[in-house]
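# Close look at the chain arrangement
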Amino acid sequence: MTRTGTRLLVAGVGNIFLADDAFGPEVIRALDRRPLPPAVRVRDFGIRGMDLAYELLDGYDTAVLVDAAARGHRPGTLSLIEPDAPGPATGLAPPEAHGMDPARVLALAAHLGDEPLPRVLVLACEPEVRPRGDEDILPGLSAPVRDAVERAVAALHTMVPVLLADPAATPPLSRPDESVGLPPAGLPLPVGDGAEDR
């Protein structure tokens, strides 16, 4: 059962020209073939961090960011992460024009808005191929990340009804054993005691 008035954002983030960083946009594209309920706003933000920061201020109860994140798992592993809410921003730099740092976007959104941010979850996929700074274009997902796209779509179809019924609930992943007992590594979001794999 959907709670009346629950607002949920599913946002794909990542650069489609930088190998496995395209995971988020590819999941959003796959959702065109298997859509989420109409009550959910699904949008590919790509590398438009400023757009995402403003979207987060639009009164959502929960936002699920879909992204590639190096955490030290086997490539293609899905993790559900709940980052700590950003603290007060000092010396805040805007999001990069050709990149998306979710931690920076969350900090910017917190700085721009008067209301609290929505609860933010990150459905992350362990990348196999991440270009180095000297590579301009490296299109295409690696095989393990390409295989994870449909699993991520299935995971979202499992998570979304739970979050629509109760935005504070802990939604399950379709394969929760994927993120059990592995150490966090390279998380692109600020983490503290509140961030964990689910």
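Thresholds applied
- The residue numbers shown here count from 1 along each chain, following its written sequence.
- Totals for whole chains, interfaces and linings use every residue, but because this is a predicted model, local features are given only for residues with pLDDT of at least 70 and side-chain atom pairs only at 80 or more, for both listing and counting.
- The basis for every side-chain value is the complete set of heavy atoms in the structure, and neither hydrogens nor water enter the calculation.
- Only DSSP runs of H or I reaching four residues or more are called helices, and only runs of E reaching two or more are called strands; each is numbered from the N terminus.
- Note on exposure labels: buried denotes an accessible area under 20% of the residue type's maximum, exposed denotes more than 50%, and partly exposed covers the range between, all computed with a 1.4 Å probe on protein chains only.
- Here, two residues are considered to be in contact whenever any of their heavy atoms come within 4.5 Å of each other.
- The Shrake-Rupley method, run with a 1.4 Å probe sphere, supplies the accessible areas, and residue values consider only the shown protein chains as cover.
- Whether two strands pair comes down to DSSP finding at least two bridges between them.
- Per-residue confidence from the predictor is given as pLDDT, running between 0 and 100.
- Salt bridges are counted wherever a side-chain nitrogen of Lys or Arg sits within 4 Å of a carboxyl oxygen of Asp or Glu.
- Stacked, edge-to-face and tilted are the three classes for Phe, Tyr and Trp ring pairs, Trp counted by its six-membered ring, which pair at centre distances within 6.5 Å; planes under 30 degrees apart are stacked, over 60 edge-to-face, the rest tilted.
- Think of it as a cone above the ring: NZ of Lys or CZ of Arg counts as a charge over the ring if it is within 6 Å of the ring centre and within 35 degrees of the ring normal.
- The angle between two axes is taken between their N-to-C directions and runs from 0 to 180 degrees, where each axis is a line fitted to C-alpha atoms and a helix contributes only its stretch in contact.
- Throughout, the term roughly parallel applies to angles under 35 degrees, roughly antiparallel to angles over 145, roughly perpendicular to angles from 65 to 115, and oblique to all others.
- Left-handed is the label given to a crossing in which the near helix is rotated counterclockwise from the far helix by less than a right angle, and right-handed is the label when the rotation is clockwise.
- Asp, Glu, Lys and Arg are counted as charged, while Ala, Val, Leu, Ile, Met, Phe, Trp, Tyr, Cys and Pro are counted as nonpolar; the rest, among them Gly, fall into the polar class.
- In protein, a polar contact means a hydrogen-donor-capable atom and an acceptor-capable atom, both N or O and within 3.5 Å, with residues adjacent in sequence counting only if both atoms are side-chain atoms; elsewhere, any N or O pair within 3.5 Å suffices.

When you go through the protein residue by residue, the secondary structure sums to 4 helices and 5 strands. When burial is assessed residue by residue, the protein has 47% of its 198 residues classed as buried. In the protein, 79% of the contacts between residues at least 6 apart in sequence involve partners at least 24 apart. With an accessible surface of roughly 9,500 Å², the protein has 53% of that area assigned to carbon and sulfur atoms.

This paragraph deals with unusual backbone geometry. The backbone of A19 sits at a positive phi, close to 50°, despite the residue not being glycine. Mapped onto the secondary structure, A19 falls in the loop between β1 (8-13) and α1 (23-31). Classification of A19 as buried rests on a relative accessible area of 2%.

Here we come to the pairing of strand β5 (residues 119-125). Within β5, 7 of the 7 residues are buried, which leaves the element mostly enclosed by the surrounding structure. Along β5, one buried face is formed by R119, L121, L123 and C125 and the opposite face, lined by V120, V122 and A124, is buried too. Pairing of strand β3 (residues 62-68) with β5, which is carried by 7 bridges, proceeds in the parallel orientation. Looking across to β5, one finds that L65 is bridged to V122.

Moving on, we get to the confidence of the model for the protein. On average, residues of the protein score 79 in pLDDT, and 76% of them reach the 70 mark or higher. Ignoring residues within four places in sequence, the model shows residues 174-198, a span with pLDDT below 50, making 53 contacts including any to other chains.

Counted by the stated rule, this structure contains 7 salt bridges. Note that R33 is salt-bridged to E150, the shortest N-O span being 3.3 Å. Placement of R33 in the loop between α1 and β2 (40-46) and of E150 in helix α4 (residues 143-165) is noted, with a sequence separation of 117 residues between them. A salt bridge links E55 to R43, with the shortest nitrogen-to-oxygen separation between them at 3.4 Å.

Using the criterion set out here, one finds 0 aromatic pairs in the structure. Residue placement shows R7 over the ring face of Y60; its charged tip is 4.4 Å from the ring centre.

Of all the 9 residues making up α1, 7 are buried; the element is thus mostly covered by neighbouring parts of the structure. Looking only at α1, the buried set comprises F23, G24, P25, V27, I28, A30 and L31. Those residues of α1 that are buried are in contact with β1, β2, β3, β4 (78-81), β5 and α4.

The next thing to look at is the packing of α1 against α4. In the contact formed by α1 and α4, the axes pass within 9 Å of each other and the chain directions differ by 60°. If you check the angle between α1 and α4, you find them oblique. For the pair α1 and α4, the sense of crossing is right-handed. Taking contact as the criterion, the partners of F23, E26, V27, A30 and L31 in α1 are, on α4, V145, A148, V149, E150, A152, V153, L156 and H157. Considered class by class, the residues forming the contact of α1 with α4 number 10 nonpolar, 1 polar and 2 charged.

What follows deals with the side chain of E82. Structurally, E82 is set in the loop between β4 and α3 (102-112). A distance of 3.0 Å separates polar atoms of two side chains, one belonging to E82 and the other to R119.

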